[in-house]
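Here is what each chain is made of, one letter per residue.
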Number of protein chains: 2
Amino acid sequence: MSGVAPVLITLGDPAGIGPELVARAHLAGELHDAMVVGDPAVMARGLRACGAATTAGPRLIHPLDAVAQAARAAGLAHGAPASAPPWATLGQVDAPVWEALAWGAVDARCGAYAALCLQAAVGLARLGQGRAIVTAPIHKESLAAAGLPYPGHTEMLQAWANPGGTPPDVRMMLANDELRVVLVTIHQSLRSAIEAITFERVLQTIVITHAALRAWGLDQPRLSVAGLNPHAGEGGLFGREEVEVIAPAVAAARSQGIVVDGPHPPDTVFMRARHTPQRPGACDAVVAMTHDHGLIPVKYLGLDQGVNITLGLPFVRTSPDHGTAFDIAGLGQADPRSFLAALAMARRLSPRA
Amino acid sequence: MSGVAPVLITLGDPAGIGPELVARAHLAGELHDAMVVGDPAVMARGLRACGAATTAGPRLIHPLDAVAQAARAAGLAHGAPASAPPWATLGQVDAPVWEALAWGAVDARCGAYAALCLQAAVGLARLGQGRAIVTAPIHKESLAAAGLPYPGHTEMLQAWANPGGTPPDVRMMLANDELRVVLVTIHQSLRSAIEAITFERVLQTIVITHAALRAWGLDQPRLSVAGLNPHAGEGGLFGREEVEVIAPAVAAARSQGIVVDGPHPPDTVFMRARHTPQRPGACDAVVAMTHDHGLIPVKYLGLDQGVNITLGLPFVRTSPDHGTAFDIAGLGQADPRSFLAALAMARRLSPRA
């Protein structure tokens, strides 16, 4: 272990399945090179949900200690950051309160705490005190109840990855054994997504995807770009976005030396990109214009091994592609496969020295 | 055979893979209860492409004879229809011309001929002289070159299914072994598709799908409706179409006694609907708002066995879910699996007496 920064794990929402997913990974021996950023009482909830002893949990650092450690490493004064966000106080909860917390309920304290842990993990990762971050699911409503102005992980990571500087331009990749998809637009109405598909945004998505695949060791990644309209617009007959926006962005990326083709008809590009043991896919990743064009094929064969990867950050970050599953939280029934896949992906994508 | 109307087969575009697909089906013994509506010279092209003798083709009726037969059956005067469309003349081509025709090229005569054969088949089917119609692929540009004002089969079928009366309201279903999907909108820009998703259109799609599945023998079909926006609009946060249009249409269908749920998030509804040997799907068909939401999952596992079924016509009509494949037409290399699946589906869905 010495000299190798650990994979950082956040427990996510304390009332969701996050703590038990992390406990399952620990009990399976998968956290040997990891460090959990979180409260011991929340970790203990997860271990208890899995029927395990709470005394032999994974290596853990309290979020406030993580903040202090990051500050020390940065050569700053020991202690909390200069301008502590409001949720830093709301998220500091005593152990007895965590122990008594109801499973599966929206709670402002849970949202604040999950945000605090993520912020601490980002601080460590930025300073090289972590190889990568793997996040357990958080709950959007608990975040909102805590006054967080972010709908999810991606937006918080973007906001905190470069404090004081320009927020990095990030994109969501969903990956499983068969398919890697990167999304040009995500959490907005389809109507507004169409407006958000600009030359710059499509080009930047291609550039970010190319850079990420290169960083992961693919010398010359091959990208395919999906169109927006049926039949990729059928030469302008079924919409002009391909002609006016997407094809020019593909051409601009190509002039930068990126190997990329398209725009292709959305209904066949994913099928052609699919990697199977019998047949390699036509490309290394597909750039999709909308949330559901991209996620329908990734999820079609089942959610078990899907991984969400944030591209464009100065560190590796992965997560399972499911939510907090409040309906089964605390029962020890949560399927850890997507979380384990996220952990394996984080290891694969992060430098080991 | 006596007393049982044949399955009618059209050869599609003479320059495409249609004739050889039909030849393959014939050579595999799959056309025993079928009748090809087409020119013997065009059929012979397909047989030759497959390296087969042209003297032992399938049972065949010339489109003009089919028109005459339909007219006789309708008690009308023997001969061509009263107002022959312009393509009726253009599509009448001598055998030597067909024999010399280039494969894989756009040709107005091919478009006119394909339309004429379809019209003849529709005439027979309407009069009970055919159990069902299975159509080989046509080429949109050849149709346009012939002056046909229709972008494809679906629109021609709708125009000709009830001459002199109201055109039936039809919908496209794509089906394979795992999934049945019916589309609310098809060949138009995504932007205009969003405008076309009205309460009436969604409700009518549900009603047509329900009626079709009932006609196919499912006593109480279960339908699921996909939303339009990410997360089915997340309660109005990512678009209001679910709240204002789709959910009311689902409620209206339910009040008519139809078993239907949704709107569901598009990215997971198809995965849940997927039938596998290990797990039955959550419903009998999914109603999808857009061309690509519906076709991405149907095509994701490969095109081989996908079948296109037109719902809402007064007869059964199926087709393969691929095009004319001009790049390989005439080489005898075309994969007949989707065409054979379309034939099997037509038999399964059409009354045998």
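Residues numbered from 1 in each chain as written. Chains lettered and ligands numbered in written order. Predicted model: local features only at pLDDT ≥ 70, side-chain atom pairs only at ≥ 80, totals over all residues. Heavy atoms only, no water.

Draft legend 1. Focus on the domain arrangement of chain A. Residues and elements named next belong to chain A. By the assigned domains, chain A splits into domain 1 (1-170 + 313-353) and domain 2 (177-301). Residue-level contacts link four residues of domain 1 with six residues of domain 2. Interface area for domain 1 against domain 2, summed over the two sides, is near 550 Å², with a carbon-plus-sulfur share of 53%. Taken as a group, Asp169, Asp321 and Leu349 account for 67% of the area that domain 1 buries against domain 2, more than any other trio of residues on that side. Across the domain 1-domain 2 interface, the total number found is zero salt bridges. Our count for the contact surface shared by domain 1 and domain 2 stands at zero residue pairs in polar contact (both at pLDDT 80 or more). (Domains from an automatic or database assignment. Contact = heavy atoms within 4.5 Å. Buried area = accessible area lost by both parts, 1.4 Å probe. Salt bridge = Lys/Arg side-chain N within 4 Å of Asp/Glu carboxyl O. Polar contact = N/O pair within 3.5 Å; in protein donor to acceptor, adjacent residues only side chain to side chain.)

Draft legend 2. Spotlight on the relation of the copies chain A and chain B. Overlay of chain A on chain B (RMSD 0.1 Å): rotation 179°, translation along the axis 0.0 Å. Put plainly, the chains are arranged around a two-fold axis. By residue overlap, the copies meet face to face through one surface: 100% of the interface positions of chain A are interface positions in chain B. (Least-squares fit on C-alpha atoms with pLDDT ≥ 70 in both.)

Draft legend 3. The arrangement of the nonpolar core in detail. Counting residues in each nonpolar core, the largest one holds 195 residues, and the members touching the most others are Ile9 and Ile206 of chain A together with Ile9 and Ile206 of chain B. In contact with Ile206 of chain B, not counting residues within four places along its chain, are Leu223, Val225, Ala249, Val250, Ala253, Ile258, Val260 and Val287 of chain B. Counting residues in each nonpolar core, the second largest holds 34 residues, with Leu179 and Leu183 of chain A together with Leu174 and Ala226 of chain B among its members. (Core = buried A, V, L, I, M, F, W, Y, C linked by side-chain atoms within 4.5 Å. Buried < 20%, exposed > 50% of the residue type's maximum accessible area, 1.4 Å probe, protein only.)

Draft legend 4. Quick look at the pairing of strand S6 (residues 180-183) of chain B. Residues and elements named next belong to chain B. Taken together, the three bridges between strand S5 (residues 171-175) and S6 define a ladder with antiparallel strand orientation. For Leu174, the partnering residue across the bridge sits in S6 and is Val181. Two successive antiparallel strands, S5 and S6, enclose a turn made up of four residues. When S6 meets strand S9 (residues 285-288), the two strands line up parallel, connected through three bridges. Looking across to S9, one finds that Val181 is bridged to Val286. (Pairing = 2+ DSSP bridges. Helix = DSSP H or I, 4+ residues; strand = E, 2+ residues; numbered from the N terminus.)

Draft legend 5. Representation of the packing of helix H1 (residues 18-27) of chain A against helix H2 (residues 40-49) of chain A within the structure. Residue and element names in this part refer to chain A. With their axes 7 Å apart at the nearest point, H1 and H2 run at an angle of 70° to one another. With respect to H2, the axis of H1 lies roughly perpendicular. H2 is crossed by H1, and the crossing has right-handed handedness. Between H1, through Pro19, Glu20, Val22, Ala23 and His26, and H2, the contact on the second element is made entirely by Val42, Met43, Gly46, Leu47 and Ala49. Broken down by class, the residue content of the contact of H1 with H2 amounts to seven nonpolar, two polar and one charged. (Axes fitted to C-alpha atoms, helices over the stretch in contact; angles between N-to-C directions. Parallel < 35°, antiparallel > 145°, perpendicular 65-115°, else oblique. Left-handed = near helix turned anticlockwise from the far one by under 90°. Nonpolar A, V, L, I, M, F, W, Y, C, P; charged D, E, K, R; others polar.)

Draft legend 6. Quick peek at the pattern of salt bridges. Tallying each qualifying case throughout the model produces 26 salt bridges over all chains. With its nearest N and O atoms 3.0 Å apart, the salt bridge here joins Arg191 of chain B to Glu241 of chain A. You can see Arg191 of chain B sitting in helix H9 (residues 190-196) and its partner Glu241 of chain A sitting in helix H11 (residues 241-255), one on each of two chains. Owing to a relative accessible area of 38%, Arg191 of chain B belongs among the partly exposed residues under this scheme. What emerges from the salt-bridge pattern is a single network uniting Glu30, Asp33, Arg131 and Arg347 of chain A.

Draft legend 7. Spotlight on H11 of chain A. All names here are of chain A. Given a rise of 1.5 Å per residue, 15 residues ought to cover 21 Å, and the 20 Å separating the end C-alpha atoms of H11 matches this to within 8%. When the local axis directions of H11 are compared, the greatest deviation, roughly 30°, occurs at Ala247, which is followed within four positions by the proline Pro248. Of the positions making up H11, those classed as buried are Glu241, Glu242, Val245, Ile246, Ala249, Val250, Ala252 and Ala253. Phi for Gly257, located one or two positions after H11, is positive at around 90°. (Expected span 1.5 Å × (residues − 1). Bend = angle between axes of the 7 residues up to and from the residue.)

Draft legend 8. Inspection of the packing of aromatic side chains at higher detail. Residue and element names in this part refer to chain A. Scanning the entire structure with this criterion turns up four aromatic pairs over all chains. Aromatic side chains Trp98 and Tyr113 sit 4.9 Å apart centroid to centroid with 65° between the ring planes, which places their arrangement in the edge-to-face category. Placement of Trp98 in helix H5 (residues 95-100) and of Tyr113 in helix H6 (residues 108-126) is noted, with a sequence separation of 15 residues between them. You can call Tyr113 buried: its relative accessible area is 2%. Above the plane of the ring of Trp103 lies Arg45, whose end atom (NZ or CZ) is 3.9 Å from the centre. (Phe/Tyr/Trp six-rings, centres within 6.5 Å; stacked < 30°, edge-to-face > 60°. Lys NZ or Arg CZ within 6 Å of the ring centre and 35° of its normal.)

Draft legend 9. Structural context of the packing of helix H3 (residues 63-73) of chain B against helix H6 (residues 108-126) of chain B. Residue and element names in this part refer to chain B. Axis separation between H3 and H6 bottoms out at 8 Å; the angle between their running directions is 25°. Classified by the interaxial angle, the pair formed by H3 and H6 is roughly parallel. The two elements H3 and H6 cross, and the hand of that crossing is left-handed. Contacts from Pro63, Leu64, Ala66, Val67, Gln69 and Ala70 in H3 reach Tyr113, Leu116, Cys117, Ala120, Gly123 and Leu124 in H6.

Draft legend 10. Up close: the sheet that holds strand S2 (residues 34-37) of chain B. Residue and element names in this part refer to chain B. What the 11 strands build is an open sheet, ordered S3-S2-S1-S4-S11-S10-S5-S6-S9-S7-S8; its pairing is mixed. Two strands close off the open sheet at either side, each with one partner strand: strand S3 (60-61) and strand S8 (259-264). Most of the contacts of H6 go to strand S1 (residues 7-10), to which it runs at about 170°, and overall it touches S1, S2 and strand S4 (132-135).

Draft legend 11. Structural detail: H2 of chain A. Residue and element names in this part refer to chain A. Of all 10 residues making up H2, eight are buried, and the element is well covered by its neighbours. Of the residues flanking the start of H2, the one acting as N-cap is Asp39, its side-chain oxygen 2.8 Å from the backbone nitrogen of Ala41. Note on H2: the residue one or two positions beyond its end, Gly51, has a positive phi of about 70°.

Draft legend 12. Representation of the interface of chain A and chain B within the structure. At the interface, 36 residues of chain A touch 36 residues of chain B. Both faces combined, the contact of chain A with chain B buries some 3500 Å², and carbon together with sulfur accounts for 63% of it. Joining chain A to chain B, the criterion identifies eight salt bridges. Applying the counting criterion to the chain A and chain B interface returns 16 residue pairs in polar contact (both at pLDDT 80 or more). Of all elements in the fold, only helix H9 (190-196), helix H12 (266-273) and helix H13 (291-300) of chain A reach the threshold of two or more residues within the side of chain A that touches chain B. Examining the composition of the side of chain A that touches chain B, we find that eight residues originate from one element, H13 of chain A, more than from any other.

Draft legend 13. Highlighting the confidence of the model for chain A. In this model, chain A carries a mean pLDDT of 91, and residues with pLDDT of at least 70 account for 95%. Reported for the predicted complex are a pTM of 0.89 and an ipTM of 0.88. (pLDDT = per-residue confidence, 0-100.)

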